[in-house]
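Residue-level structural notes
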Amino acid sequence: MKTHCPYCAFQCGMRVEARPDGALEVRADEDFPVNRGQMCIKGFTSGELLAHPARLQTPLLRGRLGQLVPASWDAALDFVAERLVALRERHGAAALGAFGSGALTNEKAYWLGKFVRLALKSPNVDYNGRYCMSSAAAGQNKAFGLDRGLPFPVEDIGRAEVLVLWGGNPADTMPPLMQWVSQQKERGGKLVVVDPRRTETARLADVHLQPTPGTDLALASGLLALAIAAGRVDDAYIEARTEGWPALRRHLLLTDPAHVERATGVSRDDLERVVRLVADAGSAMLLSGRGPEQQSKGSDTVLALINFMLALGKVGKPASGYGCLTGQGNGQGGREHGQKADQLPGYGLIEDAADRARVARVWGVDPAELPGKGKSAYELLDALGPEGGVRALLVFGSNVAVASPHALHVERRLASLDLCVVADAFENETSAHAHAVLPVAQWAEETGTMTNLEGRVILRERLREAPAGTRTDLEIIRELASRLGAGAYFPSSAPEDVFRELGAATAGARADYSGITYDKIRAHKGVFWPCPSADHPGTPRLFAERFAHADGKARFHVVRDRPSAETPDAEYPLFFTTGRYREHYNSGAQTRRVPQLVDARPEPRLQIHPRLAATLGAEDGGRVVVESRRASVAFTVALSPEIRPDTLFAPFHWGGKQAANALTIPALDPVSRMPEFKVCAVRARVVPQPPLEVAA
Ligand code: SF4
C-alpha cells in the first residue's frame, strides 16, 4: 500500500507492507515526485509506534486519588460533555477552548474549528502551527495576497541558479529535500545559507552568512539597500508587477551599510556578494525557515525578505521567488481550514462578512451565530484557569507543555484548568495535567488528506485496523457534538464525507479545494490548490502572471528594524536559540518512544563554541546550567566551533527538566502572534561535579 509519512511537511511518499509478525515494513516510494525514493530515519521508523507497548488503548479519567484510571468510552465522553456544559453555564462559552495541531488532517482541522464554533459556541480555537508558520503566512498574505508555503513544486528548487536558504536546516529537518539542493548545485547553481550556526546545510554553501541572532530583518533590508545603491533593482518588473516601491526606496536610502555590518556581524563584502549573486542570476529563489520567522518581528522580517526578492524582479518567474519551508506535516492545510482563531475554512477570515456568509451557508446556520476572533495559541494558553478565564481546554494532537515558550508557565496554567482533555495516541507532558485522556487512531489506521509544503493535497490511506479501544478524532468530535446537542452539524465521521463538506465550504475561497476528490488525488499523486472545479487540474505554480491582490500586483512594505524583545545584557550576556535534531520531531511525544531514535539522540545537548566554553570552564560532555529570566535548565555540553561564540543552542524536543522551551520568551509578533523562540538572553555556569569517591 502507498501512503505518506506521519511527520513533517515534506510528506514523503511511502510503500508499506505488513510483515509476517504483523509489524509494518516502511520503504520510501520511488514514484512519489516529492521525495523520489528518499526518506529520513523518522519516516523509516514510523511503523514502530503503531504497536508500541505504551500506546493508549482505553480512555482514562482522573480518579479521586489523582491518578488516571481506565474508563469506558461512554463514561469518558459523558464526563467531558457534562463538564463542558456545566462550565459554559457557569462561566460563558468563551470559557471553553480547543487547541489543535499541524499534525491533524484537513478533515480534522476543519471539523475542530466547526466544533468549537457550533458545538462549544466559543471563539477560542487555535493550533500549534501558530508557533511554526504564522509569520511567513502573515508576510505572504500582505505582500502577495495569498499564503501558500511554496508557490511552486519542490522540483523547481533543482533549477534555480541561485538558492538562498535563510534560517532553515533541511539537511537535518527534511533530509530528502536536499536531493533538490544537490541537483541545483550539480547544475552549477550557487547556494547561500543564512544561519547563526554552521549546520549540515550551511556546510554545503558557497556563501554562509552567520548573523547575530535576531538581526535577520536588518540583514534583509541591508541587502536591498545595497542593491539599490548598486543600481541592481529591476525597475521594469517593479513598475509592471508591484505597488509601494517609492516609499520603501525612500526609507532604505537612509540605511547605512556600516550600521548593517555592525548590527548583523556580516561583512559588507559578503553582503555585496550575495546581492550580486541574486541580482545577476537568471533564476533565484529564497526559502525561509523558522530562523527569521520565530521572532517577535517575524512577519516584518518575512516582508523584508519578500521586498528583496520582489525588487530584484525574481518573484513569479521560473524557478524563482520567495517561499517558506513549512515544518509540520499539515502545517499548510492546518492553517487553511478553520482551526486558527482568526480564520474560517478556505483561508477565510472570521471577521470578513463574505467569508462568514459563505461558511455559514454550508453549515446551515445564520452568520450571526458564528463567534468572532479568539485568542492566539500562546495567549489562549496564558489565559487558562480562573485568572485568565478559559476554564476548559480540549487538546488534539499537540503537546503544548513542551512545544510552547515559557513552558513551565504553560504547565502551571494547564494545572489550573477545571477541565483539561487530551486526545492522543500516547500519554505526554500535556496529558499529565488532563482530567480525561482519549486514545486515538494513528496515521496508518485512518484515511485523510494533508497539504504538503508545496500546497499539494495528498491522501494518507488507511492501512490497518486501529486497536479496538481507540477512536478517530473525527469520531470523538462527532460523539461530543452529539452530547452537546449539535450532532446535526456532524452527520458522518467518514473522512471522505467530511472532505466533501470541506470542499463545499471552500468553494470560491482563497484556498479553494472544491474541485479536489480522493480519487483525483489518487490518480494524480496529489492536487495543488486552488482547484475550483472537477475539471480543473490544480495550480502547481502561483504568481506567474498576477498576484492575488485585487489589482494583480504585489505589495512592498516599509518595515523598520527593532531589537528583539530580549537581548544580552550584563546580567544575561548570551543569546539562546532553539532548533531540531534529525532524529526527533517537534515535542518528541512520538519520536522519544522509538528506540532507534532515542539511541541515536538520547538527550538534548547544549551546543557551545570552544572559546565560550573556555571562559566558563566547560568541557565536552560536562554539565552546564543555562538560566534565563524564566527558568534554569541543565544540559550536557557539546563543544562545537560551528556556532557563534556569543550564542548557545539547544533542541526543544524534550520536556520537564530538559525543556529548552522553559527558557524561551513568550514575546509575540504583533501581527502573527508568533512567539520569539529563536532569541532570548541567558547566562551559563558549569555544574560543579561531585568529588570522586575514593575507596579507603
Ligand atoms: S519526517 Fe519528513 S523528511 Fe522525514 S520521512 Fe517523514 S516526511 Fe520525509
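Residues numbered from 1 in each chain as written. Predicted model: local features only at pLDDT ≥ 70, side-chain atom pairs only at ≥ 80, totals over all residues. Heavy atoms only, no water.

**Things to note about the sheet that holds strand S21 (residues 527-528)**
- Spatially, three strands are ordered S19-S20-S21 in an open sheet, and the strand pairing comes out antiparallel. Whereas interior strands pair on both sides, the edge strands pair on one side only; in this sheet they are strand S19 (448-451) and S21.
- Set on the sheet, helix H3 (residues 106-120) makes contact with S19 and strand S20 (456-460); between it and S19 the angle comes to about 95°. (Pairing = 2+ DSSP bridges. Helix = DSSP H or I, 4+ residues; strand = E, 2+ residues; numbered from the N terminus. Contact = heavy atoms within 4.5 Å. Axes fitted to C-alpha atoms, helices over the stretch in contact; angles between N-to-C directions.)

**Observations regarding the packing of helix H4 (residues 134-144) against helix H13 (residues 298-311)**
- Packing of H4 against H13 leaves a shortest axis separation of 8 Å and a crossing angle of 45°. As judged from the angle between their axes, H4 and H13 are oblique. Classified by chirality, the crossing of H13 by H4 is right-handed. Where H4 approaches H13, its residues Ser135, Ala136, Ala138, Gly139, Gln140, Lys142, Ala143 and Phe144 are matched on the opposing element by Gly298, Ser299, Val302, Leu303, Ile306 and Leu310.
- Residue composition of the contact of H4 with H13, by class: eight nonpolar, five polar and one charged. (Parallel < 35°, antiparallel > 145°, perpendicular 65-115°, else oblique. Left-handed = near helix turned anticlockwise from the far one by under 90°. Nonpolar A, V, L, I, M, F, W, Y, C, P; charged D, E, K, R; others polar.)

**Looking at the site of the ligand**
- Contacts to the ligand come from Cys5, Tyr7, Cys8, Gln11, Cys12, Met39, Cys40, Lys42, Gly43 and Pro176.
- If you map the ligand onto the pockets, it falls in the second largest cavity.
- Residue classes in the shell around the ligand are distributed as seven nonpolar, two polar and one charged. (Near = heavy atom within 4 Å. 1 Å grid on protein atoms, 1.4 Å probe; cavity = no way out; pocket = protein on both sides within 12 Å on 5 of 7 lines; lining within 4 Å. Sits in = over half its atoms within 2 Å of the grid points.)

**Concerning H3**
- In this model H3 runs 20 Å from its N-terminal to its C-terminal C-alpha over 15 residues, within 8% of the 21 Å that 1.5 Å per residue would give.
- Remark: the principal bend of H3, roughly 25°, maps to Lys114.
- Just past H3, the residue Lys121 takes up positive phi, approximately 65°. (Expected span 1.5 Å × (residues − 1). Bend = angle between axes of the 7 residues up to and from the residue.)

**Some words on the sheet that holds strand S1 (residues 2-4)**
- Sheet architecture is open: three strands sit in the order S1-S2-S3, paired in antiparallel fashion. Unpaired on one side and paired on the other, S1 and strand S3 (24-28) mark the two borders of the sheet. The average angle at which neighbouring strand axes cross in this sheet is 40°, direction not considered.
- Both S1 and strand S2 (residues 13-18) contribute to a ladder of three bridges, which runs antiparallel. Opposite Thr3, over in S2, you have Met14 as the bridge partner.

**A closer look at H13**
- Taking 1.5 Å as the rise per residue, H13 with 14 residues should run 20 Å; its terminal C-alpha atoms sit 20 Å apart, in good agreement.
- Backbone geometry just downstream of H13 places Gly313 in the positive-phi region, at approximately 70°.

Without other data, these values stay purely geometric and don't point to any function.
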